[in-house]
Each structure stands twice: as C-alpha cells, then as structure tokens.
Amino acid sequence: MGIYESLNERLYLDKIVEFSKKKKVPVFYGTIWYYLGGVSLFLFITQVVSGVLLLLYYQPGVATAFESVRFIVSKVEFGWLIREIHSWSANLFIFFVFLHMFTVFFAKAYRKPRELTWFSGMLLLFLALGFGFSGYLLPWNELAFFATKVGSDIAGSIPVVGDFLLRLLRGGDEVSGATLSRFFGIHVAIIPAVFTVLLGIHLVLVQVQGMSIPPELEKVPEEDRRYMPFFPNFALRDVLTWLIILNVVALLAVFFPWELGVKADFLAPAPPGVKPEWYFMFMYQTLRLIPAHVWFIEGELLGILTFMLGGLIWFFVPLLDKKAKVGERSKFWNWFGIILIIYMITMTIWGYLV
Amino acid sequence: MRNLQLLGVILFFMGFLLAEQQPIPKEDACIRCHKEMDEEQEEGQKLFPDILNDIHLKRGLSCADCHGGDPEAFDDEDKAMWDNESFSGEVSRTDEIAMCGSCHSDPRFMRQYSTAIRTDQVKQYWTSKHGMELKRGNKKVAICTDCHGVHGILSVEDPRSPVYDMNVPSTCSNCHSNSDYMAEFGIPTDQYYKYRKSVHGEALLDNNDVGAPACNDCHGNHGAIPPDVSHISDICGTCHVNNDQLFQESHLKPIFVKRGFGQCEACHGNHEVLKPNDDFLNWEHGSVCVQCHEDKGGEAKIMADHFYTLLDSLKGQIAIANSFVEKADQKGMEVSDLLFPLEEAHKVLIQTRTSIHSFNKDYVEEIAKPGFEATKTAIEGGKAALAEFDFRRKGLFISSLIITFLALALYLKIKDIDRKQSKDKS
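Cut-offs and rules
- Along each chain, the written sequence defines residue order, and numbers are assigned to residues from 1.
- Whichever chain is written first becomes A and whichever ligand is written first becomes 1, with later ones labelled in order.
- For a predicted model such as this one, the threshold for reporting local features is a pLDDT of at least 70, and the threshold for listing and counting side-chain atom pairs is 80 or more; totals across whole chains, interfaces and linings nevertheless cover every residue.
- The basis for every side-chain value is the complete set of heavy atoms in the structure, and neither hydrogens nor water enter the calculation.
- The numbering of helices and of strands both runs from the N terminus, where a helix is a DSSP run of H or I of at least 4 residues and a strand a run of E of at least 2.
- Working definition: with a 1.4 Å probe on protein chains only, accessible area under 20% of the residue-type maximum means buried, over 50% means exposed, and in between means partly exposed.
- Only heavy atoms enter the contact rule, under which two residues are in contact if any of them lie within 4.5 Å.
- Accessibility throughout is a Shrake-Rupley quantity obtained with a 1.4 Å probe, and a residue counts as covered only by protein chains that appear here.
- Here, a salt bridge means any side-chain nitrogen of Lys or Arg that lies within 4 Å of a carboxyl oxygen of Asp or Glu.
- Exposure above 30% relative accessible area and no salt bridge define the residues that can form patches, which grow by joining like charges within 9 Å and nonpolar side chains of Val, Leu, Ile, Met, Phe, Trp and Tyr within 5 Å.
- Two N or O atoms count as a polar contact when they lie within 3.5 Å, although within protein this holds only if one can serve as hydrogen donor and the other as acceptor, and sequence-adjacent residues are included solely when both atoms are side-chain atoms.
- Take the buried Ala, Val, Leu, Ile, Met, Phe, Trp, Tyr and Cys residues and link them wherever side-chain atoms come within 4.5 Å; each set so joined is a nonpolar core.
- Neither His nor the chain ends contribute to the count of charged residues, in which Lys and Arg are positive and Asp and Glu negative.
- The atoms used to mark charge sites are NZ of Lys, CZ of Arg, CG of Asp and CD of Glu.
- In this analysis an axis means a line fitted to C-alpha atoms, helices contributing only their contacting stretch, and an angle means the value between N-to-C directions, from 0 to 180 degrees.
- For classification purposes, angles smaller than 35 degrees are called roughly parallel, those larger than 145 roughly antiparallel, those between 65 and 115 roughly perpendicular, and all remaining angles oblique.
- Helix crossings fall into two classes, left-handed where the near helix is turned counterclockwise from the far one by less than a right angle and right-handed where it is turned clockwise.
- Put simply, two rings from Phe, Tyr or Trp (the six-membered ring, in Trp's case) pair if the centres are within 6.5 Å, and we call them stacked under 30 degrees between planes, edge-to-face over 60, tilted for the rest.
- Counting as a charge over the ring demands two things of the Lys NZ or Arg CZ atom: a distance within 6 Å of the ring centre and an angle within 35 degrees of the ring normal.
- Cysteine sulfur atoms that pair up within 2.5 Å are treated as a disulfide.
- One less than the residue count of a helix, multiplied by 1.5 Å, gives the span that helix is expected to have.
- Think of it as the arc spanned by the lines of direction from the helix axis to the C-beta atoms.
- Three residue categories are used. Nonpolar comprises Ala, Val, Leu, Ile, Met, Phe, Trp, Tyr, Cys and Pro, charged comprises Asp, Glu, Lys and Arg, and polar comprises the others, including Gly.

Q: Run through the overall build of chain B, naming residues and quoting values.
A: Looking only at helices and strands, chain B has 23 helices and zero strands in total. For chain B, buried positions account for 30% of its 426 residues. Partitioning the intrachain contacts of chain B with sequence separation of at least 6 by distance along the chain shows that 56% fall at a separation of at least 24. Roughly 27300 Å² of accessible area belongs to chain B as shown, and the carbon and sulfur atoms make up 56% of that amount.

Q: Give a detailed account of the pattern of salt bridges, specifying residues and quantitative values.
A: Here the structure, examined in full by the defined rule, presents 28 salt bridges over all chains. One salt bridge connects Asp146 of chain B with Arg93 of chain B, and the closest N-O pair in it is separated by 2.5 Å. Of this pair, Asp146 of chain B sits in helix H10 (residues 144-148) while Arg93 of chain B sits in helix H6 (residues 93-104), and the two are 53 residues apart along the sequence. By relative accessible area, Asp146 of chain B is classed as partly exposed at 33%. Judged by its relative accessible area of 28%, Arg93 of chain B falls in the partly exposed class. Here Arg419 of chain B makes a salt bridge to Asp416 of chain B, at a shortest N to O gap of 3.7 Å. Taken together, the positions of Arg419 of chain B and Asp416 of chain B, both in helix H23 (residues 361-425) and three residues apart, correspond to about one turn of that helix. On the basis of relative accessibility, which here comes to 52%, the residue Arg419 of chain B falls in the exposed class. What you see here is one network of salt bridges that share partners, running through Lys24, Glu222 and Arg225 of chain A.

Q: Give a detailed account of a nonpolar patch on the surface, specifying residues and quantitative values.
A: On the surface, Ile45, Val48, Val49, Val52, Leu53, Leu56, Tyr57 and Phe71 of chain A cluster together into a nonpolar patch covering about 710 Å² of accessible area. With respect to the helices, strands and loops of the structure, Phe71 of chain A is situated in helix H4 (residues 65-74).

Q: Break down the interface of chain A and chain B for me, with residues and values.
A: Taken together, the 22 residues of chain A in the interface contact 21 residues of chain B. Where Arg237 of chain A meets Asp418 of chain B, a salt bridge forms, and the shortest distance between an N and an O atom there is 2.5 Å. The interface formed by chain A and chain B contains seven residue pairs in polar contact (both at pLDDT 80 or more). Where the side of chain A that touches chain B is concerned, the elements lending two or more residues are H4 and helix H11 (230-255) of chain A. Per-element tally for the side of chain A that touches chain B: the top contributor is H11 of chain A, with 13 residues.

Q: Just give me the short version of the nonpolar core, but keep the residues and values in it.
A: Residues and elements named next belong to chain A. Judged by nonpolar contacts, the single largest core of 45 residues is most densely connected at Leu43, Phe93, Phe98, Met101, Trp118 and Phe195. Secondary structure elements with two or more residues in this core: helix H3 (35-55), helix H5 (79-106), helix H6 (115-137), helix H9 (177-209), H11, helix H13 (299-315) and helix H16 (331-353). A total of twelve residues in this core trace back to one element, the largest contributor, which is H5. In contact with Phe98, not counting residues within four places along its chain, are Leu125, Leu129, Tyr279 and Met344. Judged by nonpolar contacts, the second largest core, of 27 residues, contains Phe66, Val73, Leu180 and Ala264.

Q: I'd like a description of a negative patch on the surface, backed by residues and values.
A: On the surface, a cluster of negative charge is contributed by Glu36, Glu39, Glu40, Asp75, Asp76, Glu77, Asp78 and Asp83 of chain B. Residue placement: Asp75 of chain B occurs in the loop between helix H4 (63-67) and helix H5 (77-82).

Q: Got a sec to walk through the packing of H5 of chain A against H11 of chain A? Specific residues and values, please.
A: Residue and element names in this part refer to chain A. Interhelical geometry of H5 versus H11 gives an angle of 125° and a closest axis separation of 9 Å. When the axes of H5 and H11 are compared, the pair comes out oblique. Between H5 and H11 the crossing geometry is right-handed. Contact residues: H5 offers Trp80, Leu81, Glu84, Ile85, Trp88, Leu92 and Phe96, while H11 offers Ile245, Val249, Leu252, Ala253 and Val254.

Q: How would you sum up the packing of aromatic side chains? Please name residues and give values.
A: A complete count under the given rule lists 45 aromatic pairs over all chains for this structure. For the ring pair Phe28 of chain A and Tyr34 of chain A, a centre distance of 5.9 Å and an interplane angle of 70° mean the geometry is edge-to-face. Each member of the pair, Phe28 of chain A as well as Tyr34 of chain A, carries the same accessibility label: buried. Over the ring of Tyr227 of chain A we find Lys24 of chain A; its NZ or CZ atom is 4.3 Å from the centre of that ring. Sitting over the ring of Tyr181 of chain B, Lys140 of chain B keeps its end group 4.5 Å from the ring centre.

Q: Can you lay out the state of the cysteines for me, pointing to particular residues and giving the numbers?
A: Residues and elements named next belong to chain B. Considering all chains together, one arrives at zero disulfides over all chains under this definition. Cys103 takes part in no disulfide bond, and the closest cysteine sulfur to it belongs to Cys66, at a distance of 7.1 Å. You can see Cys239 has no disulfide; the closest cysteine sulfur is in Cys218, sitting 7.6 Å from it. Taking the relative accessible area as the measure of exposure, Cys239 reaches 57% and is therefore exposed.

Q: So what's going on with H6 of chain B? Residues and values would help.
A: Residues and elements named next belong to chain B. With twelve residues, H6 extends 17 Å between its outermost C-alpha atoms, agreeing within 8% with the 16 Å of an ideal straight helix rising 1.5 Å per residue. Buried within H6 we find Glu96, Ile97 and Gly101. One side of H6 carries all its buried residues, which in axial view fall inside an arc of 120°. Along its buried surface, H6 packs onto helix H8 (121-127), helix H9 (129-135) and H10.

Q: Explain the packing of helix H1 (residues 3-11) of chain A against helix H2 (residues 13-22) of chain A residue by residue, including any values.
A: Residues and elements named next belong to chain A. As a packed pair, H1 and H2 sit with axes 7 Å apart at the nearest point and diverge in direction by 90°. As judged from the angle between their axes, H1 and H2 are roughly perpendicular. Seen from H1, the contacting residues are Tyr4, Leu7, Asn8 and Leu11; seen from H2, they are Leu13, Asp14 and Val17. Broken down by class, the residue content of the contact of H1 with H2 amounts to five nonpolar, one polar and one charged.

Right, here's the structure in full:
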C-alpha cells in the first residue's frame, strides 16, 4: 500500500481532492482582486518565517534590544536580509490587507451569507495594525520610542478605558523597559495566536462559501458565467503572484534598507520628525488638525471618538447596508467608501508633507 | 481650596519681593552729605549710585570704617570729620595696603563673612613685584584699589567686578599696556595684545571659558610675580599635567635648564601661546625645533621628521578609515560598530601629540601603535561593508533572475494548461 492510500485511509484525503477538483473561481473583470487575499496570506507566511528567524537572535530588553538588532544586521550571516524582508513584508502585508478590504467592500462581498467572513477579516486587519504598532518598538530606537509614546498617549485619551489602556500598553506610566517586554509578548505570542485562529476561521469560511461575485454578475444566468478551476489554474496564478511579490520584497530590501537609527534614550528630547507608521498617518494627521477644543469637547477626544464610531460603522457595514442584502448596490455606501479612501490618501500625504 | 490659591499667590509675590530685596546701606551722615555733593560732581567722579553696590556697605560696614570720622554727626561737618581724631580722609597709596589688611588679614574678623575666605592677600602682596616696588617708594605700582576698584567694590564672583576671571586681562592691561606709564619699568607692554591672540585668550574672552587661564593664573593674584625660566613648566604643568610630566622626564629637560631655556615657553611662547599644530615638527615649514637646532639639524631633524611623519601617517590612516566607513554608511550599510575604532584612533592621535613632549622615539611609537591598529580595524570593517554591499547587489541580481525565470516558466505553464483545457472543451 502506498503512502497516499495509507494517509487517505486515516485523513480522508480523497474528499479534499474531490473538493479541490470541484472548486471553481468566477472569471470576470474583477478576478484579479481575488489574488489580494492570497498575496496577504503569502506575506503573512513570510512574516512568520522571517520573524521566527529573527527570534533566534533578538533579545528584548532596554540594554539588549537595540544591540541585538544591530548584531543581526551587521554580524549575523544574512541577518540584514531577514530583517529587511520582515520589515518590508510587514508594510506590504498591511498595504495588501487594506487593498483586499476595499476590493471586498466595493464588490459587496460582505453581503449575506458572508458577513462572518467580513467580520473575521476586519478583526484580522485590526490585528495586523496591532502587529505593526507592537513590532515598530522592538528595535528600541529613538523614533520608535517616541512614536510609541505618542501612539500610547492617543490610546490613553479614549474615554473611560483610556487610563487603563495606557497602563496596559505601557506596563506603567511611561514608555519603558516594561513596555518593550509587553510589546514583545504581544507581537510574538498574543497577536499571532489570536491571528492564527481568526485566519483559520476566515479561510474555512472562504472555502466553504466559495468566491463571492458582484451583485450585477449574480443577475447573469449561471450558464453564461465563466469559471476557471481553482486547481491548478487559479492556484498556479496565485503562486505566480507570490513570486512577483517575493521579487518586489527582495528589491526593496536591497535598494531601500530600513535604517536602524539611534538607540532610544529616556532622557533625550524628542527628535524632529517623529511620525507614526504610514498606516496610522491619516489618523495622526487628523488629530493634529483638529483644534484643541471643539465646542465643549476636547479636540483630540473628538477625533478619537469619531474614529471609533467610523471604525464601528465600517465593521458593521454588512448589517447596515440594506441594499446589499437584496443584491443591489447602495450609492450611499459606495460614496462612503470612495470618500473614505480619498480622505485616507489625502491625510497620509499631508501628514508626510508637513 | 480658595485659601490655598490665595496662599500660592502671596508666596509667589513674596518670592519676587525676597529676590529683589538687598541689604540697603544705612544712610549715615557721610552718605547723606556726599549724596548731596555728588550732584555737583562731574561724571566719572560721582560716588553714587555705584557705591550703593559696594560689598562692604552691603555687609554692614560704613564709610567711617575706612575713612574714620563720626557717621552719626548729621548736619555737623566739623564734628563728622575735621574735629574727629579718627578721621583720615583720603587714604594714601602707601597706607592703603595696611588699611585693607586691617580687616582682610584678620581671620577672626573675616570668618564672620565666610569660613573659606582667604586672609593672606597682604602677606602675598609684599612678596609681589608690585609690593616690593611700593616698599621701595614707587607709588605707581598697583595697590588693592587699582584692581578691585575704589568705591563700589564688587565680589570677585560678580561678572561686573574688574577682577572677575574674564575681566582680569583688561584690568591688568590698564597699566601694563600703557607704554608711557610702564616706560620707567623697562618691561614690554604688548602682553595683552599677545594674550588676546593666544589660545588661552581666545578660550577665555571669545568662548567665555572661565576655566582658561587669565594673567593671574600664571603670575599669581596678590603675589603677582613673573615666573622665572626654570619654573615655567611648573606653571603650565598645573593644567597640562601629562605634557609637563613627559617633559620633566625627557632628556631635553636638563639641557634646557643648563642653557637657561624657558622650557614650555621655548617652543610655545609665553603670552602668545598659539594653538599647537603638527607643523611645529615640520623642519621645512614652521618647525619650532629650528629655533635652537637650525645649524645642526642632524639627530634633532631625524627625530622631528620621524615624529612628524608618524603623526602625518596616523592622520592619513584615520582619513582613509573615515572615508571607507562614510562610504559604506552612505550606501545604507550598518557600520555603527566601526565608529568605536575610529574614535579610538582620534583619541590615540591626541595622546601621540602629547607623547611628543617625551622626545623619546620608542615611547611615542608605542603610544601611536593602538591608533594604527584601530584604523586598520576600521578600514578592514569599511572594506568588508562595501564588499558586502556588492555581494548583496550581485546576490539580488541572481536571486531576482531565478525568481523571474521561475515566474516566466510558471506563466508559460499556466498558458499551456489554459490552452489544453480550451482545446478539451471544444
């Protein structure tokens, strides 16, 4: 008896093979957007692999974090490459997750029965941002130190839970060694554990429910729709996209290396140009533009409350978009999405220009 | 809460009041009359308001403590001055030292103002050139008030005082730069001019570095006396400890003493001590050695050339190491580790310059050695970083080529599958 037969008896591989043979992907103008989820998954895997390799040398701690990263990039064989890949793929990962989210939004792929897929995807996006925020501090350099200070200050402004959240994040009143240990734990254990579970749910849901098609395509009779087999046609195209992304990551790693900067110093004044990571810039710039007081409420608080409300509305869009439920496009939600994208891009550019 | 706020406001304003509050000199008969007379005086002759800042008046002394008389005799000039036995009027230049010393040389009296205050000024003064000349009857020499001021004497710590560190050179120059005034003493009058251009003058007067020496740091304060040739290095050595120690142990020391050369001064000058540079050893250009060795270069030239070449070579190596490290840094390589050997090399360069004062070839070479080793480490590290940069570029090119080839093969395979499938369908 061969290995396959032997495994099949125990794992019912035939059923999986049968499922993959039947699985098909709609072919239309928007098929290309289907690859974004796969690209995000590939970048996440890259993150895990490079992150585990970095863990072999990285030492959290005020006295060792910066030094160990410097050791990795200057002394460890190919350490620089691993760190560059980790940093660049992290940024690309968040970029593609955002892109994936917006394509899903405009394709109305969140409508029934895929509400849970949207919810799990949104939670994965929040966790991805958490990955970015916690990972940024780990090299313990000056810019990261102050960006974390500003970022956690903003979290501390949230009404009711702000103080608790601030202390929870920092492990004390100030950004310190305790914050670094905490962020390390969050970055390499807590978020990965929750992320993996949610990612599993997200992928299972995608497989069970199949690919969503836009509402207008749904009206086309089944016999007039075009499909391609998932395996091997779509799977091979997925791999092709991954290879292109891998090439892009390698190019970025060599031509645009991330600077290690200067080691964080508790007593040093904040250096000029302290800015958050690009994916937080639109929020940061908004908070900078809001006046100190708007009517009776503090400007920063108003900004945070608005973002929280906006985030909640975005999260619950599958329940709020009544037209999508009946297979129609809502002009209101379309414009909501378009204005949001324009706003995010404008604020991000503005944030970098000032 | 309101009470607390009120208390805060009161304390705040009290702080201002306290900060402004100075001991106001008691208005006695002397002050009252002389204030009125002062109005008729010409500018420069007026006592007020400077006298009110006088440290003596502020500490409770009165005019009568120096000039005698009865300060309580208001509206009676005779009783206040002329009929009073203690009244001395203007203190003569010869009596002034003893008059100031009557308090300033009394430790018991002076202790009430500060336990650390010195009381040896008069004793030192009589050992100084000024004191000795005064004893001989020359009244043109400096006495207490010439340096400290007459009325309105300020604390030495007060930046407005003529004897505050940064004001000492110009105070001394009041007399010492006046060629007419100094003519009878037969000493040069260009000291201030020279000092002003010196490394010390620049540090003190341009960079406000009060740690830099003024006239009194080398010549003494109250015991001001020109250092004799054999003691110059002792004076310079109080700050330049290592240079002095090396020179004292060098083979040149006894020769300098025997021939009466001014040790440090022989090469560096006295008032015009310029910032030393490596050309001091350059036999062809700017060497100070040729001042004595001009005609008999020989061994001295060989040694100077050797030191000059050694310094030049270390500087050259540091420059090369710097360029490699900078180049690697500009290319985005992590080279912060190499900054340590570079810093070490700079430190050794300074130590090597100091070690020249030993005039010992072997010793200087020994000191310079770690500097060359450090530059070697930095150069090798810089070269390795640049090689690594090239390796990364080449590696990227090869990896990228492989990935592109794989992607292309995959693309062709996909097209092939698509073609076969559409053929099967049709």
